[in-house]
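# Chain and residue survey
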Amino acid sequence: MKLYVEKSTWSGWDSEEIPASANYEYEVDYGKEYIVDEIEADAGENSIKFSFTIVEVRENHIEIKTNVKMIDTSKEDSEISEGEYYFEIKKGKLLTITTPTLDEGDTYKFTLKED
């Protein structure tokens, strides 16, 4: 299986801003950590690497653990003050997670497909 990740940035400060985006492709490998890129922390003064580790591999889905709390935007009851580290990605289904901020941040769209 292959995991496709599309990263985009967003800002609540400028409604006309065109988000920057990048695409990544990974072979699914149980236990492997994938470092995607840097994300801003502390209002842009510091940055950290955003990464995820594949912690479960099944026939129709995988589970990842991120190194920072993220919000699953498909959940209607997501609270910005909460956040999760573990996310399930089902084959053929889109998972969208974002940084738990209100003013600007990063969004990651995950898609799992057969080779």
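Up top is the structure these notes are about.
Residues numbered from 1 in each chain as written. Predicted model: local features only at pLDDT ≥ 70, side-chain atom pairs only at ≥ 80, totals over all residues. Heavy atoms only, no water.

### Points about the overall build of the protein
- Looking only at helices and strands, the protein has zero helices and eight strands in total.
- Residues classed as buried in the protein amount to 33% of the 115 residues present.
- The long-range share in the protein, meaning contacts at least 24 apart out of those at least 6 apart in sequence, stands at 44%.
- Here the protein has roughly 7,300 Å² of accessible surface; of this, 44% comes from carbon and sulfur atoms. (Helix = DSSP H or I, 4+ residues; strand = E, 2+ residues; numbered from the N terminus. Buried < 20%, exposed > 50% of the residue type's maximum accessible area, 1.4 Å probe, protein only. Contact = heavy atoms within 4.5 Å. Areas by Shrake-Rupley, 256 points an atom, 1.4 Å probe, with all protein chains shown as cover.)

### Here's the deal with the layout of surface pockets
- Reported here for the second largest pocket is a volume of approximately 160 Å³.
- Those elements giving two or more residues to the lining of the second largest pocket turn out to be strand S6 (84–90) and strand S7 (94–98).
- Of the residues assigned to the lining of the second largest pocket, the class counts are five nonpolar, one polar and six charged. (1 Å grid on protein atoms, 1.4 Å probe; cavity = no way out; pocket = protein on both sides within 12 Å on 5 of 7 lines; lining within 4 Å. Points joined across faces, edges and corners; volume = space filled by probe spheres on them. Nonpolar A, V, L, I, M, F, W, Y, C, P; charged D, E, K, R; others polar.)

### Here we look at the pattern of salt bridges
- With the rule as written, the count across this model stands at six salt bridges.
- The shortest N-O distance in the salt bridge between Asp106 and Lys7 comes to 3.5 Å. In this pair, Asp106 sits in strand S8 (residues 104–113) while Lys7 sits in strand S1 (residues 2–11), placing the two residues 99 residues apart along the sequence. In terms of burial, Asp106 and Lys7 fall into one category: buried. (Salt bridge = Lys/Arg side-chain N within 4 Å of Asp/Glu carboxyl O.)

Note that every value here comes from positions in space, so none of it alone points to a role or purpose.
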